[in-house]
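What follows is the residue order along each chain.
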Amino acid sequence: MDTARLDALRDEVLDWRYKGIPAAAHGLTVAEWLASGPPSPSLPTPLVSISDQALEHNLRAMAAWCADRGLALAPHGKATMAPQLWRRQLDAGAAAITVATSFQAGVARHFGVPRIVIANQIADPAELVRLSVWAGEGTAIGLFSDSALTFVRGAGGWAAPLDVYVELGNPGGRAGARSVKEALEVAAQIEAAPHLRLAGVAGYEGSVTGGTDAASIAAVDDYLGDLATLFEALDFETDRPVVSAGGSAYFDRVAAILGPLADRAEVLLRSGSYLVHDHGFYARMTPTARGGDGPELRPALEGRSRVIARPEPGLAILDGGRRDFPYDQDLPIPLGLKDTECPQISDQHLFLTGAVDGLAVGDTVRLGLSHPCTSFDKWRLIPVVDEETGTVVDAVRTFF
């Protein structure tokens, strides 16, 4: 990656635009602030922070798990949109960074990601031409397609061919050809297009189901089996084609069903949320939680919020809300407080109920969070904290 551009993030001057940063740091660069060894309790609330130890544990655990099973990892960068974290993933052996939009691809290219997988359909002809230009300049780019029509519309002005992975979907899913037969027809269209190269097949098993019971796992396996069948039926225009799947819930099934193809293909896993894991959705869904084959992951993200009101018995109002904490999968989870829960959230308030009589206005509450993708997008700068010393040792810049 582009070390100069990454290092320049530490030269940004802190000011009123960065929530979660104390006023005492305003006027300092990020590097100067970190050099002062700021204690994490000094950070204002509401706050989201990252455990440095848990982050490093997850990074190494997933890299080792993939290596042991012959899988390549192209972590989904949309989970964090943090180039500093992408560098750590690439340094740990990731083969590429996955994104979902041309904007996100632009962020990755700006920071020098050498290989980008766009796990989505791109329908804007101008954006396709721009991707072609980047490919001509040396960035390796692969993208999904369930129709060659968009590429035909963008045929003018191409600088270099693009690698395309035929996407197999499922009925009711987001995108992707609805059957192996339809996917084969898409592949034929791609092969006929002079500015495209049929380079692999891809899919997303997470749109098949959201369950962890035996029937749900069987449905995932059936879908991945169809993806393997599609791969076997095609002749690719590259020496080592790609077969790609894998969110952060069923990647063990990807290893089991698609892993045997690794002698003929790059089996590319796209899990992204593993890096910071969580206390809610993925804590329930990850392979180890359901007795599957997967690395032990630790929740690295944590929220902190301050009691601002005790308006009635059994209720405390905290100063964080939807603008600060994720709420699309689960509401924040109180940590270290027995018999309490957060049943309601509003724009700038979080309701904490139950055994809260020991809390007073001004006290802070630690919160477990659920779904990393909607945790990072609410923060421009996220402190990274050393668990042992409580010191802020880094600050992760996001680009949403």
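Right above here is the structure, for reference.
Worth saying up front: this structure is predicted, and the values here are computed from it rather than measured.

> What exactly am I supposed to notice about the overall build of the protein here?
Along the backbone of the protein there are twelve helices and 17 strands. Relative to a compact globule of 400 residues, whose C-alpha radius of gyration would be 21 Å, the protein shows 22 Å and is just as compact. Projected onto the principal axes, the alpha-carbon positions of the protein cover approximately 70 × 50 × 35 Å. When each of the 400 residues of the protein is scored for burial, the buried share is 56%. Accessible surface for the protein amounts to roughly 15700 Å². Of this, 50% is attributable to carbon and sulfur atoms. Side-chain charges of the protein comprise 34 positive and 50 negative groups, with the mean position of each set lying 3 Å from the other.

> What am I meant to see in the pairing of strand β7 (residues 196–203) here?
Buried residues dominate β7, accounting for seven of its eight residues. Pairing analysis gives seven bridges linking strand β6 (residues 162–168) to β7, with the strands arranged parallel. For Leu168, the partnering residue across the bridge sits in β7 and is Gly203. Handedness of the β6-helix α8 (residues 180–192)-β7 crossover: right-handed. Here three bridges tie β7 to strand β8 (residues 242–245), and the two strands are oriented parallel to one another.

> What am I meant to see in the side chain of Asp386 here?
Among the secondary structure elements, Asp386 is positioned in the loop between β16 (381–385) and β17 (392–397). At 2.8 Å, the side chain of Asp386 and the backbone nitrogen of Glu388 are in polar contact. In this view, Asp386 contacts Asp52, Gln53, Thr391 and Val393; residues no more than four positions away in its chain are not counted.

> Could you clarify how one ought to interpret the pairing of strand β13 (residues 340–345) in this entry?
For a regular strand, side-chain orientation follows a simple rule: the groups alternate between the two sheet faces. The pairing of β13 with strand β14 (residues 350–354) spans four bridges and is classified as antiparallel. By the bridge assignment for β14, Gln344 is matched with Phe351. The antiparallel pairing of β13 with β14 creates a hairpin that spans four residues between the two strands.

> Can you help me understand the packing of aromatic side chains in this one?
Both the distance between ring centres and the angle between the ring planes are used here to describe each pair of aromatic rings. Evaluation of the coordinates by the stated rule reveals five aromatic pairs. When the centroid spacing of 5.2 Å and the interplanar angle of 80 degrees are considered together, the rings of Trp65 and Phe251 count as edge-to-face. Placement of Trp65 in helix α3 (residues 52–68) and of Phe251 in helix α10 (residues 251–258) is noted, with a sequence separation of 186 residues between them. Residue Phe251 is classed as buried on the basis of its relative accessible area, which comes to 1%. For the pair Phe111 and Phe399, a centre-to-centre distance of 5.3 Å together with 55 degrees between the ring planes defines the contact as tilted. Taken together, the residues span a long stretch of sequence, with Phe111 in the loop between α5 (102–110) and β4 (115–118) and Phe399 in the segment after β17 at a distance of 288 residues. Residue classification places Phe111 among the buried positions, given a relative accessible area of 4%.

> Teacher, can you tell me more about the side chain of Gln89 here?
Along the chain, the position of Gln89 falls in helix α4 (residues 83–91). Taking the relative accessible area as the measure of exposure, Gln89 reaches 5% and is therefore buried. At a separation of 3.1 Å, a polar atom in the side chain of Gln89 contacts the side chain of Tyr274. Apart from residues no more than four positions distant in its own chain, Gln89 is found in contact with Leu59, Pro75, Ala94, Ile97, Tyr274 and Leu275.

> Would you mind showing me how to read the packing of α5 against helix α6 (residues 125–136) here?
The packing of two helices is summarised by the inter-axis angle and the distance between the axes. Put simply, α5 and α6 touch, their axes get as near as 11 Å, and they point 20 degrees apart. Put simply, α5 runs roughly parallel to α6. Here α5 runs over α6; the crossing is left-handed. Residue-level contacts link Ser102, Ala105, Gly106 and Arg109 of α5 to Glu127, Arg130, Leu131 and Trp134 of α6. Residues belonging to the contact of α5 with α6 are distributed by class as follows: three nonpolar, two polar and three charged.

> Explain the pattern of salt bridges here, please?
Pairs can form between side chains of opposite charge once their charged atoms are near each other. Inspection of the entire model under this criterion finds 25 salt bridges. Between Asp324 and Lys19 there is a salt bridge, with the nearest N and O atoms lying 2.9 Å from each other. Placement of Asp324 in the loop between β11 (315–318) and β12 (333–334) and of Lys19 in the loop between α1 (3–8) and α2 (30–35) is noted, with a sequence separation of 305 residues between them. A relative accessible area of 32% places Lys19 in the partly exposed class. We note a salt bridge from Glu137 to Arg109, for which the minimum N-O separation is 2.3 Å. Of this pair, Glu137 sits in the loop between α6 and β5 (140–145) while Arg109 sits in helix α5, and the two are 28 residues apart along the sequence. With relative accessibility at 53%, the residue Glu137 sits in the exposed group. Arg109 gets classed as partly exposed once you look at its relative accessible area, which sits at 30%. One salt-bridge network, held together by shared partners, links Asp52, Glu56, Arg60 and Arg88.

Rules and cut-offs
- Residues numbered from 1 in each chain as written.
- Predicted model: local features only at pLDDT ≥ 70, side-chain atom pairs only at ≥ 80, totals over all residues.
- Heavy atoms only, no water.
- Helix = DSSP H or I, 4+ residues; strand = E, 2+ residues; numbered from the N terminus.
- Rg over C-alpha atoms; globule rule 2.2 N^0.38 Å.
- Buried < 20%, exposed > 50% of the residue type's maximum accessible area, 1.4 Å probe, protein only.
- Areas by Shrake-Rupley, 256 points an atom, 1.4 Å probe, with all protein chains shown as cover.
- Lys, Arg positive; Asp, Glu negative; His and termini not counted.
- Charge placed at Lys NZ, Arg CZ, Asp CG, Glu CD.
- Pairing = 2+ DSSP bridges.
- Right-handed = clockwise from strand over helix to strand, strands pointing away.
- Polar contact = N/O pair within 3.5 Å; in protein donor to acceptor, adjacent residues only side chain to side chain.
- Contact = heavy atoms within 4.5 Å.
- Phe/Tyr/Trp six-rings, centres within 6.5 Å; stacked < 30°, edge-to-face > 60°.
- Axes fitted to C-alpha atoms, helices over the stretch in contact; angles between N-to-C directions.
- Parallel < 35°, antiparallel > 145°, perpendicular 65-115°, else oblique.
- Left-handed = near helix turned anticlockwise from the far one by under 90°.
- Nonpolar A, V, L, I, M, F, W, Y, C, P; charged D, E, K, R; others polar.
- Salt bridge = Lys/Arg side-chain N within 4 Å of Asp/Glu carboxyl O.

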